[in-house]
Amino acid sequence: MDNVAYYCSACLIIFVRKYFFMLKKISNPWVGIQGYNCFGCCPDNEFGLHLQFYEDGDFVVSHFKTDIHYQSWINTLHGGIQATLLDEISGWAVSRKLQTTGYTVKMEVRYRKQLSTSGEQLTLRAHIAGVRHSMATVEAEIINGDDEVCTSATVVYMVATPEKAAQMGFKGCPLEDE
C-alpha cells in the first residue's frame, strides 16, 4: 500500500509541475481602455466570468469554476455559457499567438458530455490550427476534472490588420513577465 501512495504522490508532483509551473500568465491588454467591459475577461464586470489566461507552449489556457448561476437544466452548465467560454479562449489565442485582435465569423460547437454546475474546475484550451489570408482557425476545448474533453469548437476569426488592431486600442498581448 505504501508503494501505491508513493506512486500517486510522484504522479501528482509530475502533474503539478507540468500543468501549473509551465503556465505563463498573459497580461490583459484591454485593462485601462475606456469602454472595456467584456463579459468573458474584464476583471471589473460585476456579472462577468473574470477569466484569466495563460500560455502553455502552443496553447492558451484558462480555468473556470462552474456555478449554479450558469445552469440550464438541473446541474447542467448552459450550452451558451460553454460556447462563450470557447469563443473567449479562442479570441485570446488569436491575441497572444498572432499578436493582433479580430472577431468571430464562424463557430462550430460540439457538445460531447454534460458539464455539471456543482463547482467543478474546468480547463479551457485553444490553439491556432491555421491562418489563411485574414482568417485564423482556432481549435478550442473544455476539459473536465477527469481530463475528458466535454465540449469542443472550431472557431474562425477575422484577423485585424496591425493598423485596425491599433485603432481598437490593441498594443500587443505580452506575458506578465515580458
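Residues numbered from 1 in each chain as written. Predicted model: local features only at pLDDT ≥ 70, side-chain atom pairs only at ≥ 80, totals over all residues. Heavy atoms only, no water.

Given 3.6 residues to a turn, an α-helix orients residues that are three or four positions apart in the same direction. Compared with an ideal rise of 1.5 Å per residue, which puts 20 residues at 28 Å, helix 2 (residues 79-98) spans 28 Å between its outermost C-alpha atoms and is within 8% of the ideal. For helix 2, a buried count of 14 out of 20 residues is recorded, marking the element as mostly surrounded by other parts of the structure. Phi for Gln99, located one or two positions after helix 2, is positive at around 55°. (Helix = DSSP H or I, 4+ residues; strand = E, 2+ residues; numbered from the N terminus. Expected span 1.5 Å × (residues − 1). Buried < 20%, exposed > 50% of the residue type's maximum accessible area, 1.4 Å probe, protein only.)

As a further point, take the sheet that holds strand 7 (residues 149-159). If you walk across this open sheet you meet the seven strands as 1-2-3-5-6-7-4, and the pairing is antiparallel. The two strands at the open ends of the sheet, each matched to only one other strand, are strand 1 (24-25) and strand 4 (102-111). Bridging between strand 2 (residues 54-56) and strand 3 (residues 59-65) involves three bridges; their strand directions are antiparallel. Its bridge partner being in strand 3, Asp56 is matched across the sheet by Phe59. (Pairing = 2+ DSSP bridges.)

Turning to the layout of surface pockets, a few remarks are in order. Computed from the structure, the second largest pocket encloses a volume of approximately 260 Å³. If you go around the second largest pocket, you meet 16 residues; those closest to its centre are Trp30, Ser95, Thr101, Gly102 and Tyr157. Residue assignment for the lining of the second largest pocket shows that the elements contributing at least two residues are helix 2 and strand 4. It is helix 2 that provides the largest number of residues to the lining of the second largest pocket, a total of six residues. (1 Å grid on protein atoms, 1.4 Å probe; cavity = no way out; pocket = protein on both sides within 12 Å on 5 of 7 lines; lining within 4 Å. Points joined across faces, edges and corners; volume = space filled by probe spheres on them.)

On to the state of the cysteines, then. Tallying each qualifying case throughout the model produces zero disulfides. You can see Cys38 has no disulfide; the closest cysteine sulfur is in Cys41, sitting 3.7 Å from it. As a non-bridged cysteine, Cys42 has Cys41 as the owner of its nearest cysteine sulfur, 7.0 Å distant. Since its relative accessible area comes to 2%, Cys42 is described here as buried. (Disulfide = S-S within 2.5 Å.)

Once that is clear, we can look at the packing of aromatic side chains. For any pair of aromatic rings, the description rests on two quantities: the centre-to-centre distance and the angle between the ring planes. One pass over the structure, following the stated rule, counts three aromatic pairs. Ring geometry for Trp30 and Phe170: centres 5.7 Å apart, planes at 45°, overall tilted. Within this pair, whereas Trp30 is found in the loop between strand 1 and strand 2, its partner Phe170 is found in the segment after helix 3 (162-167), the two being separated by 140 residues in sequence. Per residue, the accessibility class of Trp30 equals that of Phe170, and both read buried. (Phe/Tyr/Trp six-rings, centres within 6.5 Å; stacked < 30°, edge-to-face > 60°.)

Let us look at the side chain of Ser90. Structurally, the position occupied by Ser90 is in helix 2. Side-chain polar atoms of Ser90 contact the backbone oxygen of Leu86, separated by 2.8 Å. Excluding residues within four positions of it along the chain, Ser90 makes contact with Ala126, Val138, Ala140, Val155 and Tyr157. (Polar contact = N/O pair within 3.5 Å; in protein donor to acceptor, adjacent residues only side chain to side chain. Contact = heavy atoms within 4.5 Å.)

According to the stated counting rule, one finds five salt bridges in the structure shown. Close ionic contact of Arg96 with Glu55 constitutes a salt bridge, the shortest N to O distance being 3.0 Å. With Arg96 in helix 2 and Glu55 in strand 2, the pair connects residues that are 41 residues apart, well separated along the chain. By relative accessible area, Arg96 is classed as buried at 11%. Taking relative accessible area as the criterion, Glu55 reaches 11% and is therefore assigned buried. Among the salt bridges present, the one from Glu148 reaches Lys113, with a minimum N-O distance of 2.8 Å. Taken together, the residues Glu148 in the loop between strand 6 (135-143) and strand 7 and Lys113 in the loop between strand 4 and strand 5 (121-132) connect sequence positions 35 residues apart. A residue is classified by how much of its surface remains accessible, and Glu148, at 29% relative accessible area, is partly exposed. In this structure, a network of salt bridges that share partners links the residues Glu55, Arg96 and Lys97. (Salt bridge = Lys/Arg side-chain N within 4 Å of Asp/Glu carboxyl O.)

Just distances and angles here, no functional claims.
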